[in-house]
Amino acid sequence: MDKQTVVVLFGGRSSEHSISSATAGGVLGAIDRDRYDVIPVGITREGAFVLEEDDPAKFPLDAEHLPEVVDNGTRVLWPEPGGDRTLRVVHPDGATEGLGSIDVVLPILHGPHGEDGTIQGFFDTLEVPYAGGGVLDSALCMDKHFMKIALQASGIAVAPWVTVRRRDWDREPAAVRAEAEALGLPLFVKPARAGSSVGVSKVDALDELDAALAVAFAEDDKVLIETGVHGREIEVAVLEGADGVRASLPGEIVLTSRGFYDFEGKYLGGDGVDVVCPADVTDVERAAIQEAGVRAFEAVDGRGLARVDMFLTPSGDLVVNELNTMPGFTPISMFPKCWVASGLSYGDLITELVEAGLRR
């Protein structure tokens, strides 16, 4: 069988550049080389597309030395719409080399310029197939305000919240404080459009609100103040396959000493957090969680994949917290772990994603 050419695209301009680069190490090490030819393309922090080395060891998941894409002087030239799909690279000496015809791009990018619909629109414009979320679901889920509205409109329970824009906070801080107080404590304050728990604070007393808003407004001029939901933190992985959308066994975030599931706990295997999959739930709960995951995915017009995060309350209700259209995808991340527990290996998971992109 002819091999298909997959561009693994990683790095990027967001604060999650290093996590994306470390994910690339995992993907480059596990992708099925008998089936795919791989071209690794990195995006520097400044936004340049460079040809990277096809070496998983260059991009380790190591909290002490997180990898990054360094500008090596190469420049990747994407194909023109309507023409052939040849990817080219301009070397530092000015020589141009053809790298072969692209079949599909696998973007493992997090945050702005990667997970927000912009890179997806870029590839739609170039008429290059790509795996993962599309323009609409990526943009919707990047903005927690609009994501909650879409979920609510589909009858899916979400945590009560207010959205605060910086101008409202500057103009009428007392009104914002009153709205926050009405939600009840504890509160979570989070930027509307940042990922990986960047800029998120837990507020246990109202005199902590101003500082929490300052931290969130440093990331975004639109911020959500949410009621803290009391319940177990459950996550389910959703995948769009050849025969439709399916959900994995649910996993659970068990906090042993952290206040909440923050950046370090999420990606670096930080202390105080256990990622458990499968979660210890009843058959009825498991079915309800899987159904809620698929319904949430469909509510935002999901494509490719998503991790759906929710709370299972003591009364047995499910409250959806958020969807991630490019969830943490390192071998220790919840999304692959849940699929491994469901009988799908890390390598086969990558194949399913690539094949879904090719089917488009």
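Keep in mind that what you see is a predicted model, and the values were worked out from it rather than measured.

Here Arg 165 is to be found in strand β8 (residues 161-165). Once residues lying within four places of it in the same chain are set aside, the contact partners of Arg 165 are His 145, Phe 217, Asp 221 and Lys 222.

Another aspect to go through is the pairing of strand β12 (residues 232-241). Taken across its 10 residues, β12 has 7 buried, putting it largely inside the fold. Two strands pair when backbone bridges link them, and β12 and strand β16 (residues 305-312) are joined in this way by 8 bridges, in the antiparallel orientation. Residue Val 238 lies in a different strand from β16, and its bridge partner there is Ala 306. Pairing analysis gives 3 bridges linking β12 to strand β14 (residues 251-255), with the strands arranged antiparallel. Within β14, the position partnered with Glu 235 by the bridge is Gly 251. Looking at chain direction, β12 and strand β13 (residues 244-247) are connected through 4 bridges and run antiparallel.

All right, on to the side chain of Thr 74 then. Mapped onto the fold, Thr 74 is located in the loop between β3 (49-51) and β4 (75-77). With a relative accessible area of 8%, Thr 74 lands in the buried category. A distance of 2.9 Å separates a polar side-chain atom of Thr 74 from the backbone nitrogen of Leu 51.

Conventions and cut-offs
Residues numbered from 1 in each chain as written. Predicted model: local features only at pLDDT ≥ 70, side-chain atom pairs only at ≥ 80, totals over all residues. Heavy atoms only, no water. Helix = DSSP H or I, 4+ residues; strand = E, 2+ residues; numbered from the N terminus. Contact = heavy atoms within 4.5 Å. Buried < 20%, exposed > 50% of the residue type's maximum accessible area, 1.4 Å probe, protein only. Pairing = 2+ DSSP bridges. Polar contact = N/O pair within 3.5 Å; in protein donor to acceptor, adjacent residues only side chain to side chain.

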